[in-house]
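Architecture and fold: a report
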Amino acid sequence: MVRMVTALRACFGAAQMVMALWEASKDRRWLKQALPLLLREHSFFTEPPKAVWIVDEKGCSHCLSRYYASWEKPRPESWWEDAALAEGLPPEEAAALYRNLASAAESGWDFSSRWFSHEGEVDGRGGLTTTRTTSVVPADLNALLYQWQPFSGTLRVALRCSRAIGGGANQMERNIAHAARKLEAIDVASKFEASAARRLRAMDALLWDPEGCQWRDYILQGICSDSSRVANAEDVAGADCPLGLWRGMRSTAVCASNFVGLWCGCVEPGSPRALSAVEALRASGLVLPGGVSTTLRQTGEQWDFPNAWPPLQHMIIEGLNTYGFLVPPRAGGDPGATFAKQLARRWVLASRSAFDKTGHMHEKLDATAVGAVGSGGEYNPQSSTVLLMLIYVYLID
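All figures in this text were calculated on a predicted structure; none of them were measured in a lab.

**Description of the overall build of the protein**
Helix and strand counts for the protein come out as 15 helices and eleven strands. Here the protein holds 397 residues, and the buried ones make up 54% of them.

**What to know about the packing of helix α3 (residues 28–46) against helix α9 (residues 186–207)**
The N-to-C vectors of α3 and α9 enclose an angle of 35°; their axes lie 14 Å apart at closest approach. By crossing handedness, the relation of α3 to α9 is classed as left-handed. The segment α3 lies against α9, with Leu39, His42 and Thr46 engaging Val188, Phe192, Ser195 and Arg199. A per-class count over the contact of α3 with α9 returns three nonpolar, three polar and one charged.

**Describing helix α12 (residues 272–282)**
The set of residues buried in α12 consists of Ala274, Leu275, Ser276, Ala277, Val278, Ala280 and Leu281. Where α12 is buried, its residues meet β4 (208–209), β5 (214–215), α11 (260–263), β8 (287–288), α13 (310–323) and α14 (335–358).

**A look at the pattern of salt bridges**
Side-chain pairs of opposite charge can arise whenever the charged atoms involved come near each other. Following the criterion strictly, the structure yields 14 salt bridges and no others. One salt bridge connects Glu72 with Arg99, and the closest N-O pair in it is separated by 2.6 Å. With Glu72 in the loop between β2 (61–65) and α4 (79–85) and Arg99 in helix α5 (residues 91–107), the pair connects residues that are 27 residues apart, well separated along the chain. Two residues, Asp82 and Arg75, come together in a salt bridge whose shortest N-O distance is 2.8 Å. Of the two residues examined, Asp82 and Arg75, each falls in the buried class. By sharing partners, the salt bridges in this structure join Arg75, Glu77 and Asp82 into a single network.

**Notes on the side chain of Glu318**
As for its placement among the helices and strands, Glu318 is situated in helix α13. The class for Glu318 is buried, based on a relative accessible area of 13%. Apart from the residues lying within four places of it in its own chain, the contact partners of Glu318 are Trp263, Val393 and Tyr394.

**Focus on unusual backbone geometry**
A cis geometry characterises the amide bond from Asp110 onward to Phe111, with omega recorded as 5°. With respect to the helices and strands, Phe111 occurs in the loop between α5 and β3 (136–137). With an omega dihedral of 5°, the bond running from Phe305 to Pro306 counts as a cis peptide bond. Relative to the helices and strands, Pro306 is located in the loop between β9 (291–292) and β10 (307–308). A positive phi angle, near 55°, is found at Lys26, a position not held by glycine. With respect to the helices, strands and loops of the structure, Lys26 is situated in the loop between α2 (14–25) and α3.

**Notes on the environment of Gly290**
The residue Gly290 is located in the loop between β8 and β9 in this model. Under the relative-accessibility criterion, Gly290 is labelled buried at 0%. Residues Gly290 and Asn307 lie 17 residues apart in sequence; the distance between their C-alpha atoms is 9.3 Å. Sequence-distant contacts of Gly290, defined by excluding residues within four places in its chain, comprise Arg346, Trp347, Ala350, Asp366, Ala367, Ala369 and Val370.

**Quick word on the confidence of the model for the protein**
Residue-level pLDDT values for the protein average 84, and 79% of them are 70 or greater. Residue range residues 1–12 is modelled with pLDDT below 50. Its contacts to residues more than four positions away, or to other chains, number 24 contacts. A low-confidence stretch, residues 149–170 (pLDDT under 50), is modelled with 56 contacts involving residues beyond four sequence positions or located in other chains.

**Topic: the pairing of β2**
Most of β2 is tucked away: four of the five residues are buried. Two strands pair when backbone bridges link them, and strand β1 (residues 51–55) and β2 are joined in this way by five bridges, in the antiparallel orientation. Bridge pairing in β2 links Trp53 to Cys63. Linking β1 back to β2 in an antiparallel pair, the connection comprises five residues, with Gly59 at a positive phi of about 90°.

**Notes on the packing of aromatic side chains**
Inspection of every chain in the model, using the stated rule, returns six aromatic pairs. Ring plane angle 65° and centroid distance 4.8 Å describe the contact between Trp208 and Trp215, whose orientation is recorded as edge-to-face. Comparing Trp208 with Trp215 shows no difference in burial state: the two are buried.

**So, α2**
Here α2 contains twelve residues, and its C-alpha end-to-end distance of 17 Å stays within 8% of the 16 Å for a straight helix at 1.5 Å per residue. Taken together, the buried positions of α2 are Ala15, Gln16, Val18, Met19 and Trp22. Viewed along the axis of α2, the buried residues span an arc of 160°, placing them on a single side of the element. Those residues of α2 that are buried lie in contact with α3 and α8 (173–182). Lys26, located one to two residues past α2, shows a positive phi value of around 55°.

**Considerations on the sheet that holds strand β6 (residues 218–223)**
Strand order across the open sheet formed by five strands is β2-β1-β7-β6-β3, with mixed pairing between neighbours. The two strands at the open ends of the sheet, each matched to only one other strand, are β2 and β3. Contacts between α9 and the sheet are confined to β1, β2, β3, β6 and β7 (245–250), with β2 contributing the most and set at about 100° to the helix.

About the criteria used
- Residues numbered from 1 in each chain as written.
- Predicted model: local features only at pLDDT ≥ 70, side-chain atom pairs only at ≥ 80, totals over all residues.
- Heavy atoms only, no water.
- Helix = DSSP H or I, 4+ residues; strand = E, 2+ residues; numbered from the N terminus.
- Buried < 20%, exposed > 50% of the residue type's maximum accessible area, 1.4 Å probe, protein only.
- Axes fitted to C-alpha atoms, helices over the stretch in contact; angles between N-to-C directions.
- Left-handed = near helix turned anticlockwise from the far one by under 90°.
- Contact = heavy atoms within 4.5 Å.
- Nonpolar A, V, L, I, M, F, W, Y, C, P; charged D, E, K, R; others polar.
- Salt bridge = Lys/Arg side-chain N within 4 Å of Asp/Glu carboxyl O.
- pLDDT = per-residue confidence, 0-100.
- Pairing = 2+ DSSP bridges.
- Phe/Tyr/Trp six-rings, centres within 6.5 Å; stacked < 30°, edge-to-face > 60°.
- Expected span 1.5 Å × (residues − 1).
- Arc of directions from axis to C-beta.

Right, here's the structure in full:
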């Protein structure tokens, strides 16, 4: 159940659900009750130790977020497995491993080569002993914290015409600002609009790969020895960064999470960057007959190749459809919309085939073959509902 809730939050988010209810009800009293809860949700991921300050190649500092569970024991739901994994380690190393395993579980991606050292190299125990989740600044987490996401496909017409999102709702920082403005809490709205703008600048500087045309995870490698040389030191001086200023590098791993930034509106709709991300996904090797694979590394973990997960299919398909269009329109249609429809049909076909074979709708499929069921993980496979949304949006004229 915890994993299902995590997946739902990753796919829609508390702030997205709040704004969806607001758009449907226009109930100001209810929105006023919800806003403080959104502020608590936001602070959970934007205060230390989850918030980290990082110095980029130009010497400027930026604040982004990571997963960091305050837990240094085996997880209650996997006590025996975690204790066996840490057997023989010195107490400090065991505590660090427990924290990193719990942080991976907090992400919902438990487990994946994304969190392993040395870009997913595996050891004799499947790579889990090299888990370093707290050293990874995830591209998708930060995109979700920023997210600007329209509710319906009909807004795409407005996007095409104006290259702006008029009347749309958004998630976390943008959503909080949107809610605050509806309640005329101008100071709160201005604060979160500025916060979203800072996060987007940080993602552009640290996570966006201009050669690979995708947002990559950032690997923290150590604390800067001389923070006095930071170019924007005045911005850091009053900031709450007790753990110091980090340095690091972008990961080279190819993951489906590298493209969640499209769904979250981290690019201008129809822009060269958005279109380059569409083509990067097409050429990534992740797109297979049965869906979009989670990563390219086969480790036996459930959030690795060849598994394909419904929430990721949903986010990628919606991102392609909403942001990957040509401005002005040209003959032959939009590359993003065309690609989105192809992937939607592919997932529907794979899910239907798996259902015909097994009588179940599966939480994950094997992307290498149409209708093959996914594997791996610490629990019995569960069910999924993304299929219904894809049929309704992409396959019903």
